[in-house]
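# Residue-level structure breakdown
Each chain, written out:
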Amino acid sequence: MSDDYLLELNRRRFLMGTVATIAAGILGSQRIADAYAADFPSRNIKIYVPTAQGGGADRNMRLVTDLWKDVLKVNFEPSFNPGAAGRVAYEQYMSKGADDGHDMLFGNMGPEVLNWVLKKPTFPLSAYEYFFRVDEDPSVIYVSKRSKLQTIDDIVAEGKKRTVNFATSRIAHPATIGVMALGKATGAKFNPIPMGGGRNTRNAVATGELDFGALPAGGMVVQRKNFNMLLLFADKNVLGDKINNAPTVNAKFGTKLPPLVSARAFAIKSSVRQKYPDRMKVLEDTLRKVVATEAYKKAVVKAKAPLELISPGGPAECAEYAKNIAAIGEEYRDFLVGADAAAKKKKKKKS
Amino acid sequence: MTTEDMREELSGGIDTAQDLHKRPKRSAGAELVIPVVGTLFALYYFSTIWDSPWTAQVSAFFIGCVLILTSAIVTIKIIGALRRGETTLNFERLVEPRSYLPKRLGLFALTIGYVIVIQFAGFTLTTFAFLFCAMALLNDRKNLRFIVILSLIMAISGWALFIYAFEVHFPAGPFELLMKKVL
Amino acid sequence: MEFNPSIFIELFAETIQYWWVIIPAIFLGLIVGAIPGFSAANTIIMLLPLAIVLPVEIGFVFMIALYCSSRMGAGIPAILVNIPGTAGAAATPLDGYPMAQQGRGQQALAISFTSSVLGGLITTVLALVAMPWLAEVAFYLHSVEMIVVMLFGISLIATIAARDTLKGLVAGFFGLMIGCIGADYVYETPRGTMGFLELYDGVPLIPALIGLFAISEAMIVIDRDSILTKRGKEAVVTGGWGPTIEGVMETLKRWWHVVWTSIIGLFIGVIPGAGAAIASFVAYQQSKTYSKTPELYGTGHIEGLIAPESSNNGVTSGTLVPLIILGIPGGATAAIMLVVLQYHNVTMGTELFLNNPKLAYLPFTAMAVTYFLMIFTIPPLARYMSHVTVVRTVYMAPIVIAFTLVGAFVSRDFVFDMYLALIFGVIGYVARKTGYHVAAILIGVILGPLLETYFIRAMKMSQGDITVLFSSMLGNILWVGLLINLAVPIWFEYRRDRKKKKAA
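Computed from a prediction, not measured in an experiment: that's the story for all the values here. (Residues numbered from 1 in each chain as written. Chains lettered and ligands numbered in written order. Predicted model: local features only at pLDDT ≥ 70, side-chain atom pairs only at ≥ 80, totals over all residues. Heavy atoms only, no water.)

## Examining the side chain of Glu209 of chain A
Just so we agree on the cut-off: Going along the chain from the N terminus, every DSSP run of H or I of four or more residues is numbered as a helix, and every run of E of two or more is numbered as a strand. Here the term buried applies to any residue with accessible area under 20% of the maximum for its type, exposed to any over 50%, and partly exposed to those in between, with areas from a 1.4 Å probe on protein chains only. Here the positive residues are Lys and Arg and the negative ones are Asp and Glu; neither His nor the chain ends is included. One speaks of a salt bridge when a side-chain nitrogen belonging to Lys or Arg is within 4 Å of a carboxyl oxygen belonging to Asp or Glu. Between N or O atoms, a polar contact is any pair within 3.5 Å; within protein, one atom must be a potential hydrogen donor and the other a potential acceptor, and residues adjacent in sequence are included only when both atoms are from side chains.
If you trace the backbone, Glu209 of chain A turns up in the loop between α8 (198-206) and β8 (212-216). The side chain of Glu209 of chain A sits in the buried core without any salt bridge; Arg457 of chain C is the nearest counter-charge, 5.0 Å away. At a separation of 2.6 Å, a polar atom in the side chain of Glu209 of chain A contacts the side chain of Ser143 of chain C.

As structure tokens, then:
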């Protein structure tokens, strides 16, 4: 969003719509843009977003669409459908979205693919595909600066003595799986406490209720005054000293874990590719162009998002990622749905 | 004015509970609606968590059991009162005063209609129509000119304030789309 | 981080120069607070682009003023038409609405405004002075302690239902059961959702609030000409400043009540995630428990209106404490403020007091100035607003239905939520008509999920060991407090009975 546009929009809102001329100006320019786009896209593009307005996904999407709209010469209409950990937006899009390339979804592949492991959606998984990945955000283990445990070795050693509770956004999240995998590899015992959202997950550690936490690293960069980052679930630490040069899990413990990352991506109905392969090509090509521009990088820096996490990827990379994360999800299925907890309870009862 | 007088005065408000308590019990059927619905809901709820992990069960089982227990006590008390002939099994309380029943049902029907129609006719048109019909119904079709003007003002100012000035997402229909194009 | 009064006074003088930002924000906040479905958080999100382009001080002052006044705005419809604008005002109609019905709407509004302003001012100053200690509260109140705090709030069900305890309990537990709807907190198993995806995250509060209070109320009042009772109609004085002044004076007479209920709000506000709803319920419950005339609560008793209003404004100052000292936002509005501040490269935390003390103290001075300016701008409005109570129900009921139903839609953009509000409307109607308290149902719906969240979290941390509930010193003190709290009304009653007997 350019500053001029922002200013205009704001003033109008601030004066509660009394400056009608500016509004007319903005809407007028839309119509002109519509007229220029002859073939595809022929109308505004609607994007279903599985999280609330003002959230991280909203920000990341805007960074792309603010530039993308100039290339495609249409406007974007985000439709925020938070709820049920993203299910609502997917169900809405799959049932109501058009399959002519004008409707799509922008979500977070990690947690949302794990949703399907917990409970299948009403539509077949092959009915949609992720076609463009924007970023990759690896999970990181962090502690409060006030905490007694200040290194990853402290945490693992403590986990061998007792079960250590840790904060996580939700159970079905790559970060949670990462910590549980670390426990498996080192013999330490960890107990995930889902806090429901990044803010609560940070607060629980900041207030000392929980010993450590695990979240995507991107949001932790601006928080580094309060927290120390200790271990990264990625192949290499692209963020460097922005997250205290935290070592990667595979380098530190010699494990062979795949990267446990959140990855924001655009998704679309699979039928679009069958019906309009040319339109898919337009979408993919223009997106790739947009994300490569300097303007995009500048916007990312301005929004305080780490530049290092930008990681464009096409349908193949997305499919590969979704396959991996689904496989890990299946591996940890019992843990995710609480079946292991139920089994333990039964065992206790029997004994 | 004593407390009792004050309670007497406040009917229909948040104090209905106390109010009705003072009247003779004569509408056992109506009083059983909440306990019965609550119990049925609790039982349905239990069926959905039967095979779930303990985290899904503990508090719901506790709350549901207390709900069923308290509902059962209420029911037993009412049955006792029925036996003693202090009350009858009717639903009178829900529909009283009878003279207002047609209006109440009419208003409720209009309200349901409002929710259905607003999805495609949009906020402004539906609100105008609803306000007009409901006010005309409640006011026995008197003062129609005033009602038209009032409905129009409410609908238009609602549109101007929320949809136009605040850009709030309201259900959109022909009017909203037209105005968007015009402006 | 020592308190330095000279900075405060200097800042107060400086902040008051932003009156041109604060006053529009006050009125905007009043409006959005009064409409169910809107909130300060939503409004700031809508105005986010504006908050970002403004210089950081102005943007911050704007957000704070909006936040404070929206809290106050929520009380207006709660008093006048029995519809709380937000969950934080859900305890306000308990005594506010009966006052309006008795024709004392103008006094009630004046009381609400005065206790909000005083509560806000007192807690702002207190927060400022006690900031370093208050910030530590969040470090001690963890899940276990929060379970007890929630129970303090939930015990209000028993208090409200004092006259017919059994029905009150049925209503309260029915509400708690409805509050249990939604995905399991840990493993996300859908529970009691009847297959609706829209209920996975639990029953949304706004439609519940709108249905239980607004829709059912509108359906009920149509058999009367206006919401006023017979006597109320005779008593109502429209026009004139008399009732406003009377309301202000009545509140000032009870200044001590304002002080201690607002302090409850301050403490609860400091705890991340607790919020205004719980604070106003706890304050109301405490106010009634320790009152000499508990039987008057629910009949338009002044203390019963002061308690929730001053405490929910106390929350407003409370939420800012962890935000500023620790960078921990206590609630949604505070979280959005944090985003805006981060955008401006302002990092909250103790360093801010060293690097930029003016900015660190600004939120509190802005809050103080906002409340100060409200003294002159808001109470005069009571006179005009109270006219709402004499509007004929034939016009009022349809307007309330239409606008609140759309409010139910706005909070999540789901048509489903409008149907949900209708269902809650039916539940509320039946409950009111048959003597089950809707407020008890609502307390259950609001606090039930919060209680469960803390409870399951504590149980998950202890891996199912129930003794964890009594594992902390502070928690045990709170448990004892809760028991005392439940015993006191019984003891008072017993003593009164004995006195009566003696007198007889």
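## Focus on unusual backbone geometry
Its identity is not glycine, yet Asn244 of chain A carries a phi of approximately 55°, on the positive side. Relative to the assigned elements, Asn244 of chain A resides in the loop between β9 (227-233) and α9 (249-253). Its relative accessible area of 35% is what places Asn244 of chain A among the partly exposed residues. One non-glycine residue with positive phi stands out, namely Asn82 of chain C, at about 70°. Inspection of the secondary structure assignment puts Asn82 of chain C in the loop between α6 (75-81) and α7 (93-140).

## Observations concerning the packing of aromatic side chains
All names here are of chain A. As a reminder of what qualifies: For this analysis, a ring pair means two rings from Phe, Tyr or Trp (six-membered ring only for Trp) whose centres lie within 6.5 Å, classed as stacked if their planes differ by under 30 degrees, edge-to-face if by over 60, and tilted for the remaining angles. Both a distance and an angle decide whether a charge sits over a ring: NZ of Lys or CZ of Arg must be within 6 Å of the ring centre and within 35 degrees of the ring normal.
In total, this model carries 32 aromatic pairs over all chains according to the counting rule given. Aromatic side chains Tyr128 and Tyr130 sit 5.2 Å apart centroid to centroid with 80° between the ring planes, which places their arrangement in the edge-to-face category. On the basis of relative accessibility, which here comes to 9%, the residue Tyr128 falls in the buried class. Three or more aromatic residues joined by ring pairs make a cluster, and in this case those are Trp68, Phe76, Phe106, Phe131 and Phe266. A cation over a ring is seen here: Lys269 above Tyr93, with NZ or CZ 5.6 Å from the ring centre. The side chain of Arg279 reaches across the aromatic face of Tyr276, ending 4.0 Å from its centre.

## As for the sheet that holds strand β11 (residues 264-269) of chain A
Residues and elements named next belong to chain A. Quick reminder of the rule: When DSSP finds at least two bridges between two strands, those strands are taken to pair. Geometry is summarised by axes, namely lines fitted to C-alpha atoms with helices restricted to the contacting stretch, and by angles between N-to-C directions that run from 0 to 180 degrees. Any two residues whose heavy atoms approach within 4.5 Å at even a single point are treated as in contact.
Here we have 6 strands laid out as an open sheet, ordered β2-β1-β3-β11-β4-β12, and mixed in their pairing. Each edge of the open sheet is held by one strand with a lone partner, namely β2 (76-80) and β12 (310-313). Geometrically, the sheet is characterised by an average inter-axis angle of 30° between neighbouring strands, direction not taken into account. In terms of strand pairing, strand β4 (residues 128-135) meets β11 through 5 bridges, oriented antiparallel. Across the sheet, residue Glu129 finds its bridge partner in β11, namely Ile268. Packed on one face of the sheet, helix α3 (residues 56-72) meets β1 (45-49), β2, β3 (103-108), β4 and β11 and runs near 160° to β2. The strands touched by helix α5 (residues 109-118) within the sheet are β3, β4 and β11, with β3 carrying the most contacts at an inclination of about 95°.

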